Amino acid sequence: QVQLVESGGGLVQAGGSLRLSCAASGRTFSSYAMGWFRQAPGKEREFVAAISWSGGSTYYADSVKGRFTISRDNAKNTVYLQMNSLKPEDTAVYYCAAPGRAGADGLGYATEYDYWGQGTQVTVSS
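Procedures and definitions
Residues numbered from 1 in each chain as written. Predicted model: local features only at pLDDT ≥ 70, side-chain atom pairs only at ≥ 80, totals over all residues. Heavy atoms only, no water. Helix = DSSP H or I, 4+ residues; strand = E, 2+ residues; numbered from the N terminus. Contact = heavy atoms within 4.5 Å. Pairing = 2+ DSSP bridges. Salt bridge = Lys/Arg side-chain N within 4 Å of Asp/Glu carboxyl O. Buried < 20%, exposed > 50% of the residue type's maximum accessible area, 1.4 Å probe, protein only.

## Some details on the environment of Glu 112
Part 1 of the reasoning: Within the secondary structure, Glu 112 sits in the loop between strand 9 (92-98) and strand 10 (115-116).
Part 2 of the reasoning: A sequence separation of 58 residues divides Glu 112 from Ser 54, and the C-alpha atoms of the two residues are 18 Å apart.
Part 3 of the reasoning: Non-local contacts of Glu 112, meaning those with residues more than four positions away in its chain, are made with Pro 99 and Leu 107.

Rendered as structure tokens:
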């Protein structure tokens, strides 16, 4: 059973930084792409960033490009989301996600992911 556990959320002032972590277990982590999504109150879940199984390819939503960085440490079975220059509109619950298909890449839609963490709250005050 694949399990994803996020951590690192919190309250930060606009312009600040946070680093989210997602620890994965239950299968060979290094064979699968990973993604981050977020959902604000009253809004649909939206894509934030994704990374290939090797870490060699990364993808970002336009709204976070240049401010957020996704990375992974396959030795630690962990994917990270470094968030800099945070804005109030970044406030949301952030979810880590994993696809069921090994080797898949460039996955930007929530329907392409089969496993989800419980989410971690990020609140950016103005």
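Now that the structure is up, let's keep going.
## Examining the pairing of strand 3 (residues 18-25)
Part 1 of the reasoning: For strand 1 (residues 3-7) and strand 3, the ladder comprises five bridges, and the chain directions are antiparallel. Opposite Val 5, over in strand 3, you have Ala 23 as the bridge partner.
Part 2 of the reasoning: In the sheet, strand 3 pairs with strand 8 (residues 78-83) via six bridges, with the strands oriented antiparallel. Pairing of Leu 18 across the sheet is with Met 83, part of strand 8.

## Quick word on the pattern of salt bridges
Part 1 of the reasoning: Using the criterion set out here, one finds four salt bridges in the structure.
Part 2 of the reasoning: Between Asp 90 and Arg 67 there is a salt bridge, and its shortest N-O distance comes to 2.7 Å. Here Asp 90 is found in the loop between strand 8 and strand 9, whereas its partner Arg 67 is found in the loop between strand 6 (58-60) and strand 7 (68-73), with 23 residues between them in sequence.
Part 3 of the reasoning: In this structure Arg 67 comes out as buried when scored by relative accessible area, which is 11%.
Part 4 of the reasoning: It is possible to trace a salt-bridge network through shared partners that takes in Arg 38, Glu 46, Arg 67 and Asp 90.

## Here's the deal with unusual backbone geometry
Part 1 of the reasoning: The phi dihedral of Asn 77 falls on the positive side, at around 55°, and the residue is not glycine.
Part 2 of the reasoning: Residue Ser 85 is not a glycine yet carries a positive backbone phi of 50°.
Part 3 of the reasoning: In this structure Ser 85 comes out as partly exposed when scored by relative accessible area, which is 41%.

These results come straight from atomic positions and should not be treated as a statement about function.
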